[in-house]
Number of protein chains: 2
Amino acid sequence: MIVVKVGGSLGINYEAVCNDLASIIKTGLRFILVHGGSAETNLVSERLGRPPRMVTSVSGYESRYTDRETLEIFEMVYCGKINKGIVEKMQKRGIWEGIRKSAITIIEDGKRKVLRGDHTGRVERVNLDLIQLLLEHGYTPVLSPPAISYQGEAINVDGDRAAAILASALKAEKLIILSNVPGLLKDVTNESSLIKDIPFREIDNYVLYARGRMKKKVLGAVEAIRQGVKEVILADGRINKPISSDLIGSGTIIR
Amino acid sequence: MIVVKVGGSLGINYEAVCNDLASIIKTGLRFILVHGGSAETNLVSERLGRPPRMVTSVSGYESRYTDRETLEIFEMVYCGKINKGIVEKMQKRGIWEGIRKSAITIIEDGKRKVLRGDHTGRVERVNLDLIQLLLEHGYTPVLSPPAISYQGEAINVDGDRAAAILASALKAEKLIILSNVPGLLKDVTNESSLIKDIPFREIDNYVLYARGRMKKKVLGAVEAIRQGVKEVILADGRINKPISSDLIGSGTIIR
């Protein structure tokens, strides 16, 4: 077992570190990689209008003064940008795998346009090995996009549909989708117009009520049920006990 | 198995979602939590001078146009800020546990000052359960600070010392610390003044050469060897094959 710590100062060649490590791992040596991110944290802090404040302790050590906002910037850079960048470089298989659509056709000012350089895609496959290992040992995975493309690039994918595909692959009994509305509404301006129950065979009659972000949630629900999830609940993430309320029945239940 | 997806729109009560989930998990139900982060990503994008560009596809779905910089902002918010925030709320035990020192004494303009509200601390204990589970199944963990305090708050800790404590706890053969210099230098202005070999019993004669960020790396090295790691290598993270070069011997070797 070898632990490698790679610093976060300017000039460090992360590309080389990752390539090198990936090829050594193939020889069977076991590694843990611990990384820094200080130079990038300074940069992002400056850009966010919170310039870093380095302080020197009485014993002569320099460190970053970390108020709560700085801590969150620090987490964004270390755990978000740097960590995911390394993992993207090294891994062949993410949890969610899919295709990147680097060009998309959009409608802008009423006209069709092709937009290139987009890091967006669609999940096609779920790798359950790691998820199941964690579940079997009592961990509760906390996941979010991005997914990884078959070419190994991080891609922005829709979280609702990613959750739906994951629920299907795991043969989950329920998929609960929480958002900032009570569920699917007949009239988006009226929260008391909640549709409580949708028999799946009648889903086509209800899809039209979905507006804005709710469209992909309904699409995710349809995909999940088609793939074997028994019940999808679209529910309110603003309330107290949002999950236990759903377990006993609230929001829009599709089954 | 239940999959919960919680959206990233304004108003969603993440505190309640986490509290609720934490208490339901105790009943033995198994969950996966998938989260979003769109509203926060919009906010951070704006603040970084890259306002979000929402596009509408021909089929009427709205999505975020994601160039590489937007993808990295997206990862910072989703994987860094939101994910770590949730895990902080829910978990009792992180990989690295330690104490938060919410007040530190610093030297500024030649004067001693007490600074409060700092989310910084020191690692005292390592939880190996998850790390070992992953290693045994062929995964290569990629880690970074923050650690978690005994009170469950995320704390900024020194990455070199965190790596040293991890290496000790795992009884690693080697700890390799890569930075943007070739190793410990006799003269920081001259990269050819590299100290190649330090017998650990003579470490006190060399500690004085460490300047700036190198101080904590040497401190980490000393702690690691005291706790049973056989060899610590301070080496250059800017070169091609930075790790295999170290395995065959380059940089400063302390043993």
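Residues numbered from 1 in each chain as written. Chains lettered and ligands numbered in written order. Predicted model: local features only at pLDDT ≥ 70, side-chain atom pairs only at ≥ 80, totals over all residues. Heavy atoms only, no water.

### So, the domain arrangement of chain A
When the domains of chain A are assigned, the result is domain 1 (2-90), domain 2 (92-157) and domain 3 (171-255). Distance between the C-alpha centres of domain 2 of chain A and domain 3 of chain A: 23 Å. (Domains from an automatic or database assignment.)

### A closer look at the interface of chain B and chain A
Residue-level contacts link 122 residues of chain B with 122 residues of chain A. Our count for the chain B to chain A interface comes out at 8 salt bridges. Where B:Arg47 meets A:Glu69, a salt bridge forms, and the shortest distance between an N and an O atom there is 3.0 Å. The interface formed by chain B and chain A holds 48 residue pairs in polar contact (both at pLDDT 80 or more) in total. At 18 residues, the largest contribution of residues to the side of chain B that touches chain A is made by helix α3 (residues 68-90) of chain B. Grouping the constituent residues of the side of chain B that touches chain A by class yields 63 nonpolar, 28 polar and 31 charged. Pairing between strand β2 (residues 31-35) of chain A and strand β9 (residues 142-143) of chain B: 2 bridges, direction parallel. When the sheet's bridge partners are listed, A:Leu33 is paired in β9(B) with B:Val142. (Contact = heavy atoms within 4.5 Å. Salt bridge = Lys/Arg side-chain N within 4 Å of Asp/Glu carboxyl O. Polar contact = N/O pair within 3.5 Å; in protein donor to acceptor, adjacent residues only side chain to side chain. Helix = DSSP H or I, 4+ residues; strand = E, 2+ residues; numbered from the N terminus. Nonpolar A, V, L, I, M, F, W, Y, C, P; charged D, E, K, R; others polar. Pairing = 2+ DSSP bridges.)

### Focus on α3(B)
Look at α3(B): 31 Å from first C-alpha to last across 23 residues, which is about the 33 Å you get at 1.5 Å a residue. A bend of about 30° at B:Asn83 is the largest found in α3(B). (Expected span 1.5 Å × (residues − 1). Bend = angle between axes of the 7 residues up to and from the residue.)

### Quick word on the packing of helix α2 (residues 38-47) of chain B against α3(B)
For any two helices packed against each other, one specifies the crossing angle of their axes together with the interaxial distance. All names here are of chain B. With their axes 9 Å apart at the nearest point, α2 and α3 run at an angle of 125° to one another. Put simply, α2 runs oblique to α3. Regarding α2 and α3, the two cross each other, and that crossing is right-handed. Contact residues: Ser38, Glu40, Thr41, Val44 and Ser45 in α2; Ile73, Phe74, Val77, Tyr78, Lys81 and Ile82 in α3. A class-by-class count of the residues in the contact of α2 with α3 yields 6 nonpolar, 3 polar and 2 charged. (Axes fitted to C-alpha atoms, helices over the stretch in contact; angles between N-to-C directions. Parallel < 35°, antiparallel > 145°, perpendicular 65-115°, else oblique. Left-handed = near helix turned anticlockwise from the far one by under 90°.)

### Quick look at the pattern of salt bridges
For the structure on display, the rule yields 34 salt bridges over all chains. With its nearest N and O atoms 3.0 Å apart, the salt bridge here joins B:Glu88 to A:Arg68. In this pair, B:Glu88 is assigned in helix α3 and A:Arg68 in helix α3 (residues 68-90), connecting two distinct chains. In this structure, B:Arg255 engages B:Glu231 in a salt bridge whose closest nitrogen and oxygen atoms are separated by 3.4 Å. Of the two residues, B:Arg255 is situated in the segment after β15 (252-254) and B:Glu231 in strand β14 (residues 231-236); the sequence distance between them amounts to 24 residues. Residue class for B:Glu231 comes out buried when judged on its relative accessible area of 14%. (Buried < 20%, exposed > 50% of the residue type's maximum accessible area, 1.4 Å probe, protein only.)

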